Amino acid sequence: MDVFYALRCVFEISVLWFIFYQLYRAFKDSRAAAILAGLAAIVFLGGAILELTRATVLQVIAGAIVGPGTLLAILFQPELRTALAKLGSNRILGKLWTRAEDQNFITRVCDSVSYLVSKRFGALIAICRTNRLSEYVKTGTKLDAVCSRELLGTIFHPKTLLHDGAAVINNERIVAAGCIFPVTNKELKDRSLGLRHRAGIGVAEVSDAVVIVVSEETGTVSLVVGNMVQRDVSVAMLNTRLTELIYHNAAAEQDNKSSEK
């Protein structure tokens, strides 16, 4: 009987894993992939803990909670969607997307930012980590180009058609420009932050992207990650922070009491 029970467990887990895997493949280019990863983590880890502890009452409660109504709430409530996306973007769950360090890429980004600052060109740049920002890429003009000072300088030149939107970088290539990001709804203490900064904060709230904002008015650089906004970032500091955030996530987590403004 124990053998049949073990085989049944293996079969059920295999079926569930296959279903989640197929769903992930269908939505892997959108933020839905992170949501599914977060949901899978809750279902599998929670189920395993309840099974090991034999917590019968908790199993009944969990079965009642994880129903059609709750799944609809998870899919359509922005707060829950954001929480699950962040769980799906966890460093451990995101190891499949980890890339080797390429300091040349970081240097090119920093050179580009330095050029934009020198010209006082306003810019909004999102560097993808585990989230590909596909739903926002669709709102802009798709590209597939090497990240360079010349290209970013052209994109954000005030007289080009793409300068008002955001540039999205994925796998160290500029995949789109002129993209529209969601604007944060939260109250900001610093009233000097304009629409470009609010859009940078907005996309950072719903993804794990590293967002760089160059102010057209002041020529200062801001770095936005999650709920943290770091203002007046020098090019040297930007180089260090990007290396930490993109290639050394563990080190970045110990960081910095950046002030949220």
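Just above sits the structure.
Note that the coordinates shown come from a computational prediction; the quantities given were computed from them, not determined experimentally.

Q: So what's going on with unusual backbone geometry? Which residues, and what values?
A: One non-glycine residue, L133, lies in positive phi territory at about 55 degrees. Here L133 is to be found in the loop between β1 (123–127) and α7 (134–137).

Q: I'd like a description of the nonpolar core, backed by residues and values.
A: For soluble globular proteins, nonpolar side chains are generally found buried alongside one another. Formed by 30 residues in total, the largest nonpolar core has its most connected members in F105, I127, I212 and L242. Counting only elements with at least two residues in this core, the list comes to α6 (103–119), β1, α8 (149–155), β3 (166–170), β4 (173–179), β5 (210–214), β6 (221–225) and α10 (235–247). No other element matches the 6 residues that α6 contributes to this core. Each residue touching L242, except ones within four places of it in the same chain, is listed here: I106, V109, C110, I127, V210, I212, L223 and Y247. The next biggest cluster of nonpolar side chains, apart from the first, holds 24 residues, and it includes A126, V175, V203 and A209.

Q: Before we move on, can you summarise helix α9 (residues 195–205) with the specific residues and values?
A: Extensive coverage of α9 is indicated by the burial of 9 of its 11 residues. For α9, the set of buried residues is R196, H197, A199, G200, I201, G202, V203, A204 and E205.

Q: An account of the sheet that holds β3 is requested, with residue identities and associated values reported.
A: Read from one edge to the other, the open sheet built from 7 strands follows the order β2-β4-β3-β1-β5-β6-β7, with strand pairing classed as mixed. Both outer strands of the open sheet, β2 (141–146) and β7 (228–230), are each paired with one neighbouring strand and no more. Mean inter-strand twist for the sheet, computed between neighbouring axes without regard to direction, equals 20 degrees. Pairing between β1 and β5: 5 bridges, direction antiparallel. Its bridge partner being in β5, A123 is matched across the sheet by V214. Packing of α9 onto the sheet brings it into contact with β1, β5, β6 and β7, and relative to β5 it is tilted by some 180 degrees.

Analysis parameters
- Residues numbered from 1 in each chain as written.
- Predicted model: local features only at pLDDT ≥ 70, side-chain atom pairs only at ≥ 80, totals over all residues.
- Heavy atoms only, no water.
- Helix = DSSP H or I, 4+ residues; strand = E, 2+ residues; numbered from the N terminus.
- Core = buried A, V, L, I, M, F, W, Y, C linked by side-chain atoms within 4.5 Å.
- Buried < 20%, exposed > 50% of the residue type's maximum accessible area, 1.4 Å probe, protein only.
- Contact = heavy atoms within 4.5 Å.
- Pairing = 2+ DSSP bridges.
- Axes fitted to C-alpha atoms, helices over the stretch in contact; angles between N-to-C directions.

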